[in-house]
Amino acid sequence: MATKSATAPSRTAAQSAYAGILTTLSEGSVNKHFDPYTEIDWDSPEWAVVPNDPRWILPADSDPLGAHPWYLAQTEARKIEIGMWRQANIAKVGLQFEEVLIGGVMNYLFAVVPNGSGEFRYLNHEVAEEVNHTLMFQEMVNRIGLDVPGMSRFMKAVGPLVPLLGRFFPTTFFVAVLAGEEPIDHVQKSVLRAGENVHPIMRDVMRIHIAEEARHIAFAHEYLRQRVPKLGFVQRSTLSLAYPIIMFIACDLIVKPPRSLFHEFDIPLGIRRELFWRSAEARARRRDFFGEARMLAADIGLMNPVAKLTWRLLRINGGKSRYRGEPVRTRS
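The shown structure was predicted, so the numbers you read here are calculated from the model rather than taken from an experiment.

Visitor: For the overall build of the protein, give the residues involved together with the corresponding values.
Guide: Scanning the protein from terminus to terminus reveals 16 helices and zero strands. Relative to its length of 332 residues, the protein is compact, with a C-alpha radius of gyration of 21 Å against a globular reference of 20 Å. Over its C-alpha atoms, taken along the principal directions, the protein stretches across nearly 75 × 45 × 40 Å. Taking the intrachain contacts of the protein between residues at least 6 apart in sequence as the baseline, contacts between residues at least 24 apart amount to 79%. Accessible area for the protein stands at about 16,200 Å²; split by element, carbon and sulfur atoms hold 57% of it. Across the protein, the mean location of the 40 positive side-chain charges is 10 Å away from that of the 36 negative side-chain charges.

Below is the structure:
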């Protein structure tokens, strides 16, 4: 009896704290949100996409292809061509991921969320923001004017199945949400922190995306903090192994450029493998993407010995962030 009475208040306190976080996130969405067609002056001369604009050259500090000797040896005009294609494709990948996310959230809301839940209000705010992001990313692609494919053929084939996780395996679904959002957020913050002279389309789209994704990532973290400790031993053990695998796969699908970029510009495919898979720099970069994910895994009990081995075998192990939003420290 003593154990039961001691546990019940702690659960109530945790539920109240979670409800308070949901209210704060919802109010944030009301008080600070962005409409891409009012926040961005798409027809401003500053935003015009013009030939031979050096601001499309890939930044060496934040894009691995931009720092590669092959790319640096190209003419300025060729660097601009490749840079425009790559940035347009990143935007296309971003909107495709948002569409998958929206589908999963709506499946979760439709089948799982009960009346009276604060999750209903917040997640509908999040979906509204994600819809605006898809409009914003597609407008960026249209302005650049390149018919980029976005995700790989494999991801386009399996993508429509991912939203079903929101209905049947919601905890796994929100792990997948983080797996997609964390690398994109990390890359965009790196670009802005580096102060690169990027085109204003990229700059302002990234600023809006980062500002609103902060809430989306915060929700996924809090959702998992709330749900994972309540899972049974088998479910929690299985999720601890699935967690790093999902992170690894999602990062590979989202961050690595499609083969069509390399075919389009006659870039040796060996460079693709080197930059985004095999080199020491590529492995370090992938590890950096998931400092916050490792922090969360440790906090919610998903860093058991077998899980740690899985992180290590996938080569995405490393230190954990001390807090959300902590910048990656310069490597010695």
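Structure's up, so let's keep going.
Visitor: So what's going on with unusual backbone geometry? Residues and values would help.
Guide: Of note, the phi angle at N52 is positive, near 60 degrees, even though the residue is not glycine. Tracing the backbone shows N52 in the loop between α2 (36-39) and α3 (64-67). Given the relative accessible area of 53%, N52 is considered exposed. You will see that D266, though not glycine, has its phi angle at about 55 degrees, which is positive. Structurally, D266 is set in the loop between α12 (259-264) and α13 (269-278).

Visitor: Please give an account of the confidence of the model for the protein that cites residues and values.
Guide: Summarising the model, the protein shows a mean pLDDT of 88, and 93% of its residues fall at 70 or more. Note on residues 1-8: pLDDT is under 50 here. Beyond four places in sequence and across chains, it has zero contacts.

Visitor: Explain the pattern of salt bridges to me, and be specific about the residues and the numbers.
Guide: For side chains of opposite charge, pairing can occur when their charged atoms come near one another. A full pass over the atoms with the stated rule returns 14 salt bridges. E129 is paired through a salt bridge with R215; the nearest N and O atoms lie 2.9 Å apart. Of this pair, E129 sits in helix α6 (residues 118-144) while R215 sits in helix α10 (residues 200-227), and the two are 86 residues apart along the sequence. Notably, a salt bridge pairs D252 with K256, separated by 3.2 Å at the nearest N-O pair.

Visitor: Tell me what's going on with helix α16 (residues 305-313), and back it up with residues and numbers.
Guide: For α16, the complete set of buried residues consists of A307, T310 and W311. Each buried residue of α16 lies within a common arc of 100 degrees when the element is viewed along its axis, so the set occupies one face. In α16, the exposed residues that point more than 90 degrees away from the buried face are P305 and L313. The opening residue of α16, the one whose side-chain oxygen lies 3.2 Å from the backbone nitrogen of V306, is N304. R315 occupies a position one or two residues after α16 and carries a positive phi of about 60 degrees.

Visitor: So what's going on with the packing of aromatic side chains? Which residues, and what values?
Guide: Under the defined criterion, the tally for this structure stands at 11 aromatic pairs. On the numbers, 5.9 Å between centres and 45 degrees between planes, the contact of Y243 with W311 is tilted. Of this pair, Y243 sits in helix α11 (residues 233-255) while W311 is found in helix α16, placing the two residues 68 residues apart along the sequence. Just as Y243 is buried, W311 falls in that class too. Ring pairs connect the aromatic residues Y108, Y122, F173, F174, F219 and Y223, which therefore count as one cluster.

Visitor: Talk me through a nonpolar patch on the surface; I want residue IDs and the actual numbers.
Guide: Taken together, the side chains of L161, L164, F168 and F169 define a hydrophobic patch exposed on the protein surface, amounting to about 450 Å² of accessible area. Its place among the elements puts L161 in the loop between α7 (153-158) and α8 (164-168).

Visitor: Tell me about the packing of α6 against α10, and name the residues and values.
Guide: The interhelical angle for the contact between α6 and α10, taken along N-to-C directions, is 150 degrees, at an axis separation of 11 Å. Looking at the two axes, α6 sits roughly antiparallel to α10. Crossing of α6 over α10 shows left-handed handedness. Contacts from E119, Y122, L123, E126, E129, E130, H133, M136, F137, M140 and R143 of α6 reach α10 at I201, M202, V205, I208, H209, E212, E213, R215, H216, F219, Y223 and R227.

Visitor: So what's going on with the packing of α11 against α16? Which residues, and what values?
Guide: Taken N-terminus to C-terminus, the directions of α11 and α16 make an angle of 15 degrees; their axes are 8 Å apart at the nearest point. On the basis of the axis angle, α11 is roughly parallel to α16. Between α11 and α16 lies a crossing of right-handed hand. Contacts between α11 and α16 involve S240, L241, Y243, P244, I245 and M247 on the former and, on the latter, V306, A307, T310 and W311. Looking at the contact of α11 with α16 residue by residue, the class counts come to eight nonpolar, two polar and no charged.

Cut-offs used in this document
Residues numbered from 1 in each chain as written. Predicted model: local features only at pLDDT ≥ 70, side-chain atom pairs only at ≥ 80, totals over all residues. Heavy atoms only, no water. Helix = DSSP H or I, 4+ residues; strand = E, 2+ residues; numbered from the N terminus. Rg over C-alpha atoms; globule rule 2.2 N^0.38 Å. Contact = heavy atoms within 4.5 Å. Areas by Shrake-Rupley, 256 points an atom, 1.4 Å probe, with all protein chains shown as cover. Lys, Arg positive; Asp, Glu negative; His and termini not counted. Charge placed at Lys NZ, Arg CZ, Asp CG, Glu CD. Buried < 20%, exposed > 50% of the residue type's maximum accessible area, 1.4 Å probe, protein only. pLDDT = per-residue confidence, 0-100. Salt bridge = Lys/Arg side-chain N within 4 Å of Asp/Glu carboxyl O. Arc of directions from axis to C-beta. Polar contact = N/O pair within 3.5 Å; in protein donor to acceptor, adjacent residues only side chain to side chain. Phe/Tyr/Trp six-rings, centres within 6.5 Å; stacked < 30°, edge-to-face > 60°. Patch = residues over 30% accessible without salt bridge, like charges linked within 9 Å, V, L, I, M, F, W, Y side chains within 5 Å. Axes fitted to C-alpha atoms, helices over the stretch in contact; angles between N-to-C directions. Parallel < 35°, antiparallel > 145°, perpendicular 65-115°, else oblique. Left-handed = near helix turned anticlockwise from the far one by under 90°. Nonpolar A, V, L, I, M, F, W, Y, C, P; charged D, E, K, R; others polar.

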